[in-house]
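# Per-entry structural report
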Amino acid sequence: MTGGKEINKKQQSMEIRSNYINVPLLAELIERKCRLWAEASFPTPAQGLQRETLSIIESLRLIFRNRAEFVQLTLLRVKSDRHARSLLAPVYEAFLGPPGPATASASTTTTTGLTIYRSNDVETYGRLLLCYARWKSLYWAAEEADATDPVEWADIDAVALAQLPYDFPRAICPRDALLRRIFPAYVTAKCAAGVAPSDRKRNNATTRILLGTLPKRADLQELCLKFYQAYRCGADATQLEDEIPPQGQEAADTPLSGPSTSVTLEHHRQTRYRQ
């Protein structure tokens with residue numbers, strides 16, 4: 001019995017590692033498809049765009065065995081700009097939007113029976129929030145100083161606010177705190193103590209602020225990459241790999257009787273992948 005559990009645990013660990021390997025590869029493939037669609041010199045039929053959109057979504061679901069988190073992480077890794085909007089916006093809509101042809105046949109529950117978009121935890125909230133922000137950013141004209149919010153934003157906000165919690169969930173492990181630090185400090189500080197505003201049900205305070213500000217940030221792509229890097233860390237991780245002090249500096253600050261820098265870094269590398 002114990003042997004069977006160990007085998008199952010190893011298989012799950014291998015599957016997770018495989019998924020993390022596939023995420024950047026699939027993101028690059030989607031980027032290439034977006035460039036091809038943007039460079040097309042002939043009008044694209046609506047049916048052709050729909051087929052391509054469904055093909056991308058169904059392929060991601062198949063490769064990741066319908067694990068929504070890795071589909072979301074893949075979308076966050078896709079480098080996007082306004083030229084990618086023609087294909088990438090329909091992909092976001094098909095996956096994150098209201099139930100439609102792309103989502104009707106897919107299961108809406110995880111292996112635990114919980115609804116995919118209803119988990120009130122830091123990692124799920126962060127993934128979805130950044131996905132909605134990236135979706136909205138495709139319509140944002142950053143070069144226009146007096147640009148108003150695009151009309152598409154209202155529909156995206158309606159979907160996002162129906163799926164996301166009102167406020168940033170509380171951290172329950174060091175990695176949760178690491179993920180939260182990636183988001184603007186003035187927002188995450190408001191819910192650090194876990195106290196929600198009295199009118200939270202009326203204005204979705206934190207979530208509304210993030211949905212309104214993140215899509216306008218010039219460093220949104222960098223935030224998504226940092227989130228992805230932190231997401232891969234172990235539950236006890238407190239900093240990203242590029243935040244670890246240089247070996248010489250750490251050695252100078254560490255007593256001779258303490259653990260060596262090489263051991264510390266090796267432990268960090270071993271905990272990068274969640275088991």
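Before any of the text, the structure's been laid out above.
Source: prediction; values computed, not measured. (Residues numbered from 1 in each chain as written. Predicted model: local features only at pLDDT ≥ 70, side-chain atom pairs only at ≥ 80, totals over all residues. Heavy atoms only, no water.)

The next thing to look at is helix α5 (residues 122-137). Between its terminal C-alpha atoms α5 stretches 22 Å, which fits the 22 Å expected from 16 residues at 1.5 Å a residue. Within α5, 16 of the 16 residues are buried, which leaves the element mostly enclosed by the surrounding structure. At the N-terminal boundary of α5, the capping side chain belongs to Asp121, with an oxygen 3.3 Å from the backbone nitrogen of Glu123. (Helix = DSSP H or I, 4+ residues; strand = E, 2+ residues; numbered from the N terminus. Expected span 1.5 Å × (residues − 1). Buried < 20%, exposed > 50% of the residue type's maximum accessible area, 1.4 Å probe, protein only. Polar contact = N/O pair within 3.5 Å; in protein donor to acceptor, adjacent residues only side chain to side chain.)

Take helix α4 (residues 85-96) next. Its 12 residues give α4 an end-to-end C-alpha distance of 15 Å, which sits within 8% of 16 Å, the value for a rise of 1.5 Å per residue. Among all positions of α4, only Leu87, Leu88, Ala89, Val91, Tyr92, Ala94, Phe95 and Leu96 are buried.

It is worth spelling out the packing of helix α6 (residues 152-163) against helix α10 (residues 205-213) at this point. Where α6 contacts α10, the two axes come as close as 11 Å, and the packing angle between them is 145°. When you trace α6 past α10, the crossing you get is right-handed. Between α6, through Trp153, Asp157, Ala160 and Leu161, and α10, the contact on the second element is made entirely by Thr207, Arg208, Leu211 and Gly212. (Axes fitted to C-alpha atoms, helices over the stretch in contact; angles between N-to-C directions. Left-handed = near helix turned anticlockwise from the far one by under 90°. Contact = heavy atoms within 4.5 Å.)

In this section: the nonpolar core. The nonpolar side chains of a soluble globular protein tend to be buried, and buried together. Judged by nonpolar contacts, the single largest core of 64 residues is most densely connected at Tyr132, Phe183, Leu214 and Phe227. Broken down by element, the residue count for this core peaks at 9 residues, all from α5. The residue makeup of this core includes at least three contributed by each of domain 1 (12-96) and domain 2 (115-140 + 150-192 + 206-234). If sequence neighbours within four positions are ignored, Phe227 has contacts with Leu73, Leu76, Glu123, Gly126, Arg127, Leu130, Leu179, Ile182 and Phe183. (Core = buried A, V, L, I, M, F, W, Y, C linked by side-chain atoms within 4.5 Å. Domains from an automatic or database assignment.)

With that settled, consider the pattern of salt bridges. Across all of its chains, the model carries 9 salt bridges by this definition. Note that Asp157 and Lys136 form a salt bridge whose closest N and O atoms lie 2.8 Å from each other. Placement of the pair is Asp157 in helix α6 and Lys136 in helix α5, with a sequence separation of 21 residues. What makes Lys136 buried here is its relative accessible area of 1%. With a closest N to O distance of 2.9 Å, Asp219 and Arg217 form a salt bridge. Residue Asp219 is classed as partly exposed on the basis of its relative accessible area, which comes to 26%. For Arg217, a relative accessible area of 32% puts it in the partly exposed group. (Salt bridge = Lys/Arg side-chain N within 4 Å of Asp/Glu carboxyl O.)

All chains considered together, the criterion is met by 9 aromatic pairs. On the basis of an interplanar angle of 55° and a centroid distance of 4.8 Å, the ring pair of Tyr125 and Phe168 is categorised as tilted. With a gap of 43 residues between them, Tyr125 in helix α5 and Phe168 in the loop between α6 and α7 (174-181) connect regions that are remote in the sequence. By relative accessible area, which is 1% here, Tyr125 ends up buried. By relative accessible area, Phe168 is classed as buried at 3%. Pairwise contacts between aromatic rings join Tyr125, Phe168, Phe183, Phe227 and Tyr231 into one cluster. One cation-aromatic arrangement involves Arg77 over Tyr228; the distance from NZ or CZ to the ring centre is 4.8 Å. (Phe/Tyr/Trp six-rings, centres within 6.5 Å; stacked < 30°, edge-to-face > 60°. Lys NZ or Arg CZ within 6 Å of the ring centre and 35° of its normal.)

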